[in-house]
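Chains, contacts and geometry: an overview
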Amino acid sequence: MKEFTLEKFEEASELVQKVTSETKLVFSEFFSEQSGNKVYFKPENMQYTGAYKLRGAYYKISTLSDEEKAKGIVTASAGNHAQGVAYAAKLAGIKATVFMPTTTPLIKINRTKNYGATVELYGDVFDEAATKAMEYAKESGATFVHPFNDLTVATGQGSIAMEIIKELPTVDIILVPIGGGGLCAGVATLAKMLNPNIHVIGVEPENAACMKESIKEGHIVTLPSANTIADGTAVKTPGDKLFNYVKENVDDIITINDNELIVSFLDMVENHKMIVENSGLLTVAALKHLDVKGKKIVAILSGGNMDVITMASLIQHGLIARDRIFTVSVLLPDKPGELAKVADLLASERGNVIKLEHNQFISINRNAAVELRITIEAYGTEHKEQIVERLNKEGYRPKLVRSKGTYNA
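All values reported here derive from a predicted model rather than from experimental measurement.

**Here's the deal with the domain arrangement of the chain**
We note that the domain assignment places domain 1 (6-51 + 150-316), domain 2 (73-141) and domain 3 (323-401) within the chain. With centres defined by C-alpha atoms, the gap from domain 1 to domain 3 works out at 44 Å.

**Quick look at empty space enclosed by the protein**
Following the criterion strictly, the structure yields one cavity of 30 Å³ or more and no others. In this model, the largest cavity occupies a volume close to 300 Å³. Tyr52, Lys53, Gly179, Gly232 and Thr233 are, among the 27 residues lining the largest cavity, the residues nearest its centre. When residues of the lining of the largest cavity are traced back to their parent elements, those giving at least two are helix H5 (80-92) and helix H10 (182-194). For the lining of the largest cavity, the element with the highest residue contribution is H10, accounting for three residues.

**Things to note about the nonpolar core**
Core analysis: the largest hydrophobic core is formed by 49 residues, its most contacted members being Ile164, Val171, Ile174, Val176, Val187 and Ile300. Tallying contributions element by element places H10 first for this core, with seven residues. Summarising the domain contributions, this core has at least three residues from each of domain 1 (6-51 + 150-316) and domain 2 (73-141). Once you skip the residues sitting within four places of it in the chain, Val187 turns out to touch Gln157, Gly158, Ile160, Ala161, Ile174, Val176 and Ile300. By size, the runner-up hydrophobic cluster in this structure holds 29 residues, among which are Ile173, Met268, Val284 and Leu301.

**Some points on helix H7 (residues 126-140)**
The terminal C-alpha atoms of H7 lie 21 Å apart, and with 15 residues this matches the ideal 21 Å at 1.5 Å per residue to within 8%. Every buried residue belonging to H7 is among Phe126, Asp127, Ala129, Ala130, Ala133 and Ala137, and all of these are buried. Buried residues of H7, viewed axially, fall in a sector of 150°; they line one side. The outward face of H7, more than 90 degrees from its buried face, is lined by the exposed residues Lys138 and Glu139.

**Notes on the packing of helix H1 (residues 6-16) against helix H3 (residues 54-62)**
Any two packed helices are characterised by the angle at which their axes cross and by the distance between the axes. For the pair H1 and H3, the least separation of the axes is 10 Å and the interaxial angle reads 105°. As summarised for this structure, H1 and H3 are arranged roughly perpendicular, according to the angle between their axes. Across the interface between the two elements, Lys8, Glu11, Ala12, Leu15 and Val16 from H1 touch Arg55, Tyr58, Tyr59 and Ser62 from H3. Across the contact of H1 with H3, the residue classes break down as five nonpolar, one polar and three charged.

**Digging into helix H6 (residues 106-114)**
Every buried residue belonging to H6 is among Lys108, Ile109 and Thr112, and all of these are buried. Down the axis, H6 shows its buried residues gathered within 100° of arc, on one side only. Away from its buried face by more than 90 degrees, H6 exposes Leu106 and Asn114. Buried residues belonging to H6 abut H5, strand E4 (96-100) and strand E5 (118-121). Of the residues flanking the end of H6, it is Gly116, one or two places downstream, whose phi is positive at about 105°.

**What about the sheet that holds strand E8 (residues 199-205)?**
Taken in spatial order, the six strands make up an open sheet running E1-E2-E10-E7-E8-E9, and their pairing is mixed. At either margin of the open sheet sits one strand with a lone partner, and together these are strand E1 (26-28) and strand E9 (252-256). Strand after strand, the sheet turns through a mean of 25° between neighbouring axes, direction not considered. Here strand E2 (residues 38-43) pairs with strand E10 (residues 296-301) via six bridges, running parallel. Its bridge partner being in E10, Phe41 is matched across the sheet by Ala299. The strands that helix H11 (residues 210-217) touches are E8 and E9; relative to E9, the one it contacts most, it runs at about 135°.

**Regarding a nonpolar patch on the surface**
Together, Leu6, Met193 and Leu194 make up an exposed nonpolar region whose accessible area comes to about 220 Å². Its location among the elements puts Leu194 in helix H10. In this structure Leu194 comes out as partly exposed when scored by relative accessible area, which is 35%.

Conventions adopted
Residues numbered from 1 in each chain as written. Predicted model: local features only at pLDDT ≥ 70, side-chain atom pairs only at ≥ 80, totals over all residues. Heavy atoms only, no water. Domains from an automatic or database assignment. 1 Å grid on protein atoms, 1.4 Å probe; cavity = no way out; pocket = protein on both sides within 12 Å on 5 of 7 lines; lining within 4 Å. Points joined across faces, edges and corners; volume = space filled by probe spheres on them. Helix = DSSP H or I, 4+ residues; strand = E, 2+ residues; numbered from the N terminus. Core = buried A, V, L, I, M, F, W, Y, C linked by side-chain atoms within 4.5 Å. Buried < 20%, exposed > 50% of the residue type's maximum accessible area, 1.4 Å probe, protein only. Contact = heavy atoms within 4.5 Å. Expected span 1.5 Å × (residues − 1). Arc of directions from axis to C-beta. Axes fitted to C-alpha atoms, helices over the stretch in contact; angles between N-to-C directions. Parallel < 35°, antiparallel > 145°, perpendicular 65-115°, else oblique. Nonpolar A, V, L, I, M, F, W, Y, C, P; charged D, E, K, R; others polar. Pairing = 2+ DSSP bridges. Patch = residues over 30% accessible without salt bridge, like charges linked within 9 Å, V, L, I, M, F, W, Y side chains within 5 Å. Areas by Shrake-Rupley, 256 points an atom, 1.4 Å probe, with all protein chains shown as cover. Salt bridge = Lys/Arg side-chain N within 4 Å of Asp/Glu carboxyl O.

Encoded structure:
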């Protein structure tokens, strides 16, 4: 395929329906109220393989000849494309080999293997794994299925735009995550073909904004690193075959700091009971960056493949960021009953004690010889400040404990 065509987009949209789940738009009352717009989510995290990638992989494999299928396929991926390719290959009855970065979450590695693919771990980021996969393709004769820099793959991803517009013809803005650009190029190009008035906004991690930097410079740029918790979009070099399509059809690109993804995860879990991986949360975080009101906005949630350790860490950091968990350090006289006094004070302020650390060896002063570190659950910033103020009023001089030390409360 040398260029995107409406005919190919229509073909892909029809074909992928055979293997994808129907991901109807989800209206978000919470984010609509927060933003002053009508916000809908396209929940591709609910696909069978946990991400939209199955669309492009299946469409690509459907275009291969019998001879190409006999030699098998090979790809590189941080996880979601790997699962899409593995599952599509299984359906087609062909061999699949997948190269994944060594930093790929275990859940993505195991699921890829479970779909029948051979997994090879190589390199720290996608780009290194991709180089190794292309070497393997040359040696073995297998067809290399690029996760994004392939117009056929991107055409399959573009089927998302067809579904969004069919369900919500009056959509004003579509928010699309960007890693290498395949999803964004496909969605943006088809959206503009169907309705040029639709505003398409790409969203990248701040520390892996290879597409935004490339558009700024007017040519493909390779970043020195791609250090972000959004592992599915941790790409240093965007797709050169997609660059012009993104440049022409994407109206703006927003970059998101990793800290914004942490609180977005908490918001999605608490308000929608939905698990969305960090790359998929880019569009959720981007809602706060839009300077519009009264618009119909669709945010594509690109995937939901996240291991439970990462989930636990994100929830903890999210609660800390929202001042719903905090730690204070106070000094107490080394005598019976002092701990009970602090406990009674916190109870009177409705602070829930999660953890206590009692250190008698902080000082040789018998009047202030015990350091007490208390981790407390609060309702938010106002409640936290209320508790700290009360501790100050009672003469405890609390210090808020940070991971890199303390500061006076």
